[in-house]
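# A structural walkthrough
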Amino acid sequence: MFPLAVVPIILVEFCERLCYYTFSGTQKTWLQDRGYSNSQSSSLNLTWAMLSYVACFFGGWLASSKAGIFMATAALSLLYAVGTYLAAYAALPSVESIPLYLFGVFFLITLGAGGIKPNVCTMGANQFDPEAPNANEQRASFFMYFYLTINVGSAISHGVLSSWASSGAPSLGVSLEYGYFFAWTVAASFMALAFLFFVLGRCSYRKVEQKKEEPVLSMMFETLLAGSGSPMGKLALLGWGLIPVVIAVAFVNAFVENGFLKVAAIVVALACIGSLVAAHWDNSYLPEGGIRMCLDCVPILLVGNLFFNILQSTIGSVFLSEACQMDTRTDRSDFSVEGFQRNGDFFRLANPIAIVVVTPLMDFVIYPLVKRATGREVSMAMKVIAGFSFAIGAQLIAAAIEYQRRSDPVLSVPSHCAPYIMVEDSTGHVGMKEPHEHVHMSATNSFYMLAPYAMVGIGEILVNPVLQHLAYEGAPPEMRSLLQAFNLFAMGALPNAVASSVSQALKAQVPNDLNDGNLPVVYFINSVIGLVGILCFFVVFHFAPERLKDSHGKDCRDVSKSSAKKENDTEDETTDGSSSFGSSDVDVC
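The rules behind the values
Every chain is numbered independently, its residues counted from 1 as its sequence is written. Thresholds applied to this predicted model are a pLDDT of at least 70 for local features of residues and 80 or more for the giving and counting of side-chain atom pairs; totals over whole chains, interfaces and linings are not thresholded and use all residues. Values shown for side chains rest on all heavy atoms present in the structure; no hydrogens or waters enter the calculation. Lines are fitted to the C-alpha atoms to define the axes, a helix being fitted only along its stretch in contact, and any angle between axes, read from their N-to-C directions, falls within 0 to 180 degrees. Only runs of H or I of at least four residues qualify as helices and only runs of E of at least two qualify as strands under DSSP, and these elements are numbered from the N terminus. Orientation categories follow fixed angle ranges, with anything under 35 degrees roughly parallel, anything over 145 roughly antiparallel, 65 to 115 roughly perpendicular, and all other angles oblique. By convention the crossing between two helices is left-handed if the near helix lies anticlockwise of the far one by an angle smaller than a right angle, and right-handed if it lies clockwise. Residues count as neighbours in contact if any of their non-hydrogen atoms are within 4.5 Å of one another. Under the scheme applied, nonpolar residues are Ala, Val, Leu, Ile, Met, Phe, Trp, Tyr, Cys and Pro; charged residues are Asp, Glu, Lys and Arg; polar residues are all the others, including Gly. When two rings of Phe, Tyr or Trp (its six-membered ring) have centres within 6.5 Å they constitute a pair, described as stacked for plane angles under 30 degrees, edge-to-face for angles over 60, and tilted for the intermediate range. A ring is considered to have a charge above it if a Lys NZ or an Arg CZ atom is located within 6 Å of its centre and within 35 degrees of its normal. Residue burial is assigned from relative accessible area. The probe radius is 1.4 Å, only protein chains are included, and a residue is buried under 20% of its type maximum, exposed over 50%, and partly exposed in between. Only one rule defines a salt bridge in this text: a Lys or Arg side-chain nitrogen within 4 Å of an Asp or Glu carboxyl oxygen. How far a helix is expected to stretch is found by multiplying one less than its residue total by 1.5 Å. Regarding the arc, it is the one traced by the directions from the helix axis to the C-beta atoms. A pair of cysteine sulfur atoms is labelled a disulfide when the two atoms are within 2.5 Å. Candidates for patches are residues over 30% relative accessible area with no salt bridge; among them, like charges are joined within 9 Å and nonpolar side chains (Val, Leu, Ile, Met, Phe, Trp, Tyr) within 5 Å. Using a 1.4 Å probe, accessible areas were evaluated by the Shrake-Rupley method; residue-level cover was limited to the displayed protein chains. Residues adjacent in sequence count toward polar contacts only when both atoms are side-chain atoms; beyond that, a polar contact is any pair of N or O atoms within 3.5 Å, and within protein one must be able to donate a hydrogen and the other to accept it.

## Examining the packing of helix α2 (residues 38-63) against helix α4 (residues 98-125)
Taken N-terminus to C-terminus, the directions of α2 and α4 make an angle of 55°; their axes are 6 Å apart at the nearest point. Relative to α4, α2 is oriented oblique. Between α2 and α4 lies a crossing of right-handed hand. Between α2 and α4, the residues in contact are L44, W48, L51, S52, Y53, A55, C56, F58, G59, G60 and A63 and V105, F106, I109, T110, L111, A113, G114, G115, K117, P118 and N119, respectively. Grouping the constituent residues of the contact of α2 with α4 by class yields 14 nonpolar, 7 polar and 1 charged.

Here you go:
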């Protein structure tokens, strides 16, 4: 039975995810309607996701300041709501301001998301009584259902709001041109509710003593400097130093068309990731303590998150492009331009549905069956490799569907969520056809796309909650938010930075009209990336410290008492994971 205080925290995550996925599923199509190409709009969408995860570090830092984790999360949630309302205003037909939209989404919403992501998750896990005999199992189950709640919110955004955005809501009197304004206003209102839920739940949160400790980021920097005399220490400093470079290059690459930047973005990202994995493969050159324990988790979290979430990122980019050029009409007899069409993002609904359906099936049926059959728990490695396999299978199925789509006839109906048709004039300049007209849809049934979306969702169940749980259990209590924030960064920022750069590099394969490109090549490249990811994960997992290999093992406090004493850390569970990057302070009612 979960503590009552978990309820408002989960409600916050539900509302925030509904809002986030509404923008994630529709801003690509809105940007296309503003003249951005298929590949660049995908790259910008991925870059926005990257920035949202980068902002986790800001949210964690603010929570460690005098504001505390409660006030930091509340304030940034409000900022999130303001940003969504601003973006909705920018989408009004009488306004249509790209700068205003970019400010609201790429600045305000990303800061707001950064305030929620690293803190709400840790606060939720912190509500469990550490003295309960099954506390560890309850927290592991919490992470799984926390992830399930995320997908309930996303189901509403994919199933309803995304289609309202691109086609309006005729049944509610909302015309096509007001679709984005209406859908984003609804999403913004949910975000406002998230802020309200969080504030109202303040008195129910588990009370935590305030502690004044050295900020964890300073401790981490000092630990890395202490080991800088060794070659691996220098490599570690290089890897961590390259992180802001990766972010900056990926951001510029999304807005600027430049061949050198495309190559540089990928090279810098690989150098950063390779340096961090190699440097933290064996941390014996670093002083013992909590920071070293956190850094032990870096190779597994980086490799598992990076490779899997490059595959997962296709659901918001090339999967969407493919679905939008299939027959998305609700009435197959309606060939009018104004007829209602599902947004390609609608079929992403299969992703959260698969998660909602398969999560309890895994928890109550499949995992217990495997345990009875083998006599042991399903290992973290088994789950992650199985998750990779589902994601790779999704790429191959999407490629097969694309081959079928290309062989089907093209209809006379423009797709509301496809890019504009591009034409070349007599001077060789390529521009949008006048008057503007969307690429026409093929006769292929768009419901075929439910299959790859669902398969990625099953993969997510097997990978993301497992790595999130590792990030919680792999660090001492006072450093859990630090490792959670790094896990979120590895889950969202780095994969999206790499995927954004790959999207720009493969631009020729994904033109505005997919019939002029070769989308299956992108899927095959992704599949190879996934296979390399399985190999790399197997290697880093095999050489990882034993304490990290059992996702249901002992709390890291039980294996770090001696080093914790050296650092004068406390074993008092009232400070369990309540801090982000600094003192373990949670505002008490």
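## Looking at the packing of aromatic side chains
How two aromatic rings sit relative to each other is set out by the distance from centre to centre and by the angle between their planes. On inspection of all chains with the given rule, the structure shows 25 aromatic pairs. Here a set of aromatic residues connected by ring pairs shows up, and it is made of F23, W30, Y101, Y180 and W184. Over the ring of W30 we find R34; its NZ or CZ atom is 4.7 Å from the centre of that ring. It is K383 that lies over the ring of Y367; its NZ or CZ is 4.5 Å from the centre.

## Observations concerning the side chain of S77
By the secondary structure assignment, S77 is in helix α3 (residues 68-90). We classify S77 as buried; its relative accessible area is 1%.

## Here's the deal with the pattern of salt bridges
For the structure on display, the rule yields 8 salt bridges. D327 serves as the salt-bridge partner of R332, at 3.5 Å between the closest nitrogen and oxygen. Given a relative accessible area of 36%, R332 falls into the partly exposed group. Taking the relative accessible area as the measure of exposure, D327 reaches 3% and is therefore buried. Ionic pairing is found between R405 and E402, a salt bridge with its closest N-O pair at 2.9 Å. You can see R405 and its partner E402 sitting in helix α14 (residues 380-407), 3 residues apart, about one turn around the helix.

## Quick notes on helix α6 (residues 179-200)
Between the first and last C-alpha of α6 there are 32 Å, a value that for 22 residues agrees with the 32 Å anticipated at 1.5 Å per step. For α6, every residue scored as buried is listed here: G179, Y180, A183, W184, A187, A188, M191, A194 and F198. All buried residues of α6 fall inside an arc of 150° around its axis, so they share one side.

## Overview of the state of the cysteines
On inspection of all chains with the given rule, the structure shows 1 disulfide. Put simply, C324 and C417 are joined by a disulfide, and their sulfur atoms are 2.2 Å apart. A torsion of -125° about the S-S bond marks the disulfide between C324 and C417 as left-handed. Of the two residues, C324 sits in helix α12 (residues 318-324) while C417 sits in the loop between β1 (410-414) and β2 (422-424), which places them 93 residues apart along the sequence. We classify C324 as buried; its relative accessible area is 2%.

## What about a nonpolar patch on the surface?
A cluster of nonpolar side chains, namely L361, F364, V365, I366 and L369, defines an oily patch on the protein surface of about 440 Å² accessible area. With respect to the helices, strands and loops of the structure, L369 is situated in helix α13 (residues 350-374). By relative accessible area, which is 47% here, L369 ends up partly exposed.

## Some thoughts on the environment of P465
Inspection of the secondary structure assignment puts P465 in helix α15 (residues 450-473). Spatially, the C-alpha atoms of P465 and F142 are 9.5 Å apart, while their sequence positions differ by 323 residues.

## What about the environment of Q27?
Note that Q27 resides in helix α1 (residues 6-33). As for Q27 and A165, which are separated by 138 residues in sequence, their C-alpha atoms are 9.4 Å apart. Polar side-chain contacts of Q27 include one of 2.7 Å to the side chain of N45.

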